[in-house]
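Structural overview for review
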Amino acid sequence: MSQTPTKLLIPEGPGEHHLETEPVHTCPLCGSSGDPLYEGLTDRLYGVPGQWRIQKCRSEPCGLLWLDPRPTLRDIGRAYAEYFTHDGRSRNKVRPGLFSRIAELRGRFLRKLWLVGTGQKHVRRAADLMYLDGIKPGRLLEIGCGNGRRLAQLRDHGWQVEGQEVDAKAAQFARERLGLTVHEGLITDLDLEPESYDAIILSHVIEHVHDPIGLLAEARRLLKPKGVLTATTPNAVGLGHRVFGVNWYGLDSPRHLFLFSPRTLDTVARRAGFDDLRTWTTAAHASAIATPSLAIQTKGRVDMNTRPTMDRLLAGTAFQLWAQQYQKFDPNSGEECVLQATK
């Protein structure tokens, strides 16, 4: 079916820019038609103009969620003008000063104390290391490395790290401030040597791309035989989406073009050529998704320039504890899907 691009008006400096969009009429995985799950969505993070719809595949064995219409490949960068991976800042800026620094240190201490007290320290550590902690370090590529923070952490654990990033500001920060090797541009345009990496990781990247199957196929091409790919992405059937619905932070329209479940993530990986793989879900970062979801639920948006209020932080922590217990009864309820595949 032909797809005719349309235009959405986006202010840009003193002038204006039209964000080009395209319809996605059928499920990109199975070709079935879809039913609107949410309509009239707006950008609740950065205020990119426009309204968006999320479709759900009618085929029950599939159930993929996708954005319709979606920004075209040519124009989607406009939706990332203020994205938090541009530089080394955290997602939330605070005013400099002694009291802000004390509050930040107190928050870090309480977070570490909570992780130890709830027995989740090892779970969070495994997630932060992209489930590579039991694998002998070698040459590693992170696709969509952002500002390079995770790469620097993996470098400290013995990996020979490189990154790929389309965001020029983020790539510059990773190179200049962290001393990392970062290939700038689309992964499919870089012409990297095949079978050259022992591990490839993608942290919350696959939901942003127009061709997730092609992305994983390229990652497979770059892996050495027996190399390992690990990818994480928001879980469309997780507890957070069930609880918050249209207010779920994981929707992130118009930047999230797809929302996966363990089943659809498995399908994408197999279509890309992987057959030795497994998928699971984790609640390791449930609070990080619940806290902004609460802000959307109460205020209609997340202010990415301020820290969450204490009551929302406490509510996010409570959700984290609930999610951990809930997952014991429903293994697919974690906030993130994880794919680990071996070439």
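As shown above, the structure is provided for reference.
Here the structure is a predicted model, which means the values were calculated and not measured.

1. With respect to the overall build of the chain
The secondary structure content of the chain amounts to nine helices and 14 strands. Looking at the 343 residues of the chain, the share that counts as buried comes to 50%. For the chain, the proportion of contacts with a sequence separation of at least 24, taken over those separated by at least 6, is 70%. Split by element, the accessible area of the chain, about 16,700 Å² in all, is 53% carbon and sulfur.

2. A look at the sheet that holds strand β4 (residues 52-57)
Here four strands make up an open sheet; going across it, the order is β3-β4-β5-β12 and the pairing antiparallel. Lying at the two open borders of the sheet, with one neighbouring strand each, are β3 (34-41) and β12 (258-259).

3. Let's talk about the pairing of strand β10 (residues 197-203)
Of all seven residues in β10, six are buried, a share of seventy percent or more. Direction of pairing for strand β7 (residues 139-143) relative to β10: parallel, over a ladder of three bridges. Within the sheet, the bridge partner assigned to L140 lies in β10 and is A199. In terms of strand pairing, β10 meets strand β11 (residues 223-234) through six bridges, oriented parallel. Its bridge partner lying in β11, S203 is registered against T232. As for the winding sense of the linkage, the β-α-β connection from β10 through helix α5 (residues 212-222) to β11 is right-handed.

4. Comments concerning the pattern of salt bridges
Close approach of charged atoms lets side chains of opposite charge pair. Under the counting rule described, the total for this entry stands at 14 salt bridges. A salt bridge links E22 to R70; its shortest N-O distance comes to 2.8 Å. Here E22, found in strand β2 (residues 15-22), pairs with R70, found in strand β6 (residues 70-71); they are 48 residues apart in sequence, far enough to count as distant. Note on accessibility: E22 and R70 belong to one class, buried.

5. Looking at the environment of R263
In this structure, R263 sits in helix α7 (residues 262-271). Sequence-wise, R263 and C62 are 201 residues apart; in three dimensions their C-alpha atoms are separated by 7.5 Å. With near-sequence residues (within four places) excluded, R263 lies in contact with E60, P61 and C62. Within the structure, the side chain of R263 is placed 3.1 Å from the backbone oxygen of P61, a separation counted as a polar contact.

6. Considerations on the packing of aromatic side chains
Scanning the model with the defined rule gives five aromatic pairs in all. Summarising the aromatic geometry, the rings of Y131 and W280 are spaced 5.2 Å apart at their centres and angled 85° between planes, so their arrangement reads as edge-to-face. With Y131 in the loop between α2 (121-128) and β7 and W280 in strand β13 (residues 276-282), the pair connects residues that are 149 residues apart, well separated along the chain. Looking at Y131, the relative accessible area reads 15%, which means it is buried. Assessed through its relative accessible area of 17%, W280 is described here as buried. Relative to Y326, the ring of W322 lies with its centre 6.2 Å away and its plane at 85°, an arrangement referred to as edge-to-face. Pair noted here: W322 and Y326 are both in helix α9 (residues 310-326), with a separation of four residues, about one helical turn. Note on W322: relative accessible area 42%, which makes it partly exposed. Ring-pair connections join several aromatic residues into one group, and the members of that group are F244, F319, W322 and Y326.

What counts and how
- Residues numbered from 1 in each chain as written.
- Predicted model: local features only at pLDDT ≥ 70, side-chain atom pairs only at ≥ 80, totals over all residues.
- Heavy atoms only, no water.
- Helix = DSSP H or I, 4+ residues; strand = E, 2+ residues; numbered from the N terminus.
- Buried < 20%, exposed > 50% of the residue type's maximum accessible area, 1.4 Å probe, protein only.
- Contact = heavy atoms within 4.5 Å.
- Areas by Shrake-Rupley, 256 points an atom, 1.4 Å probe, with all protein chains shown as cover.
- Pairing = 2+ DSSP bridges.
- Right-handed = clockwise from strand over helix to strand, strands pointing away.
- Salt bridge = Lys/Arg side-chain N within 4 Å of Asp/Glu carboxyl O.
- Polar contact = N/O pair within 3.5 Å; in protein donor to acceptor, adjacent residues only side chain to side chain.
- Phe/Tyr/Trp six-rings, centres within 6.5 Å; stacked < 30°, edge-to-face > 60°.

Scope: geometric values only; no functional claims are made or implied.
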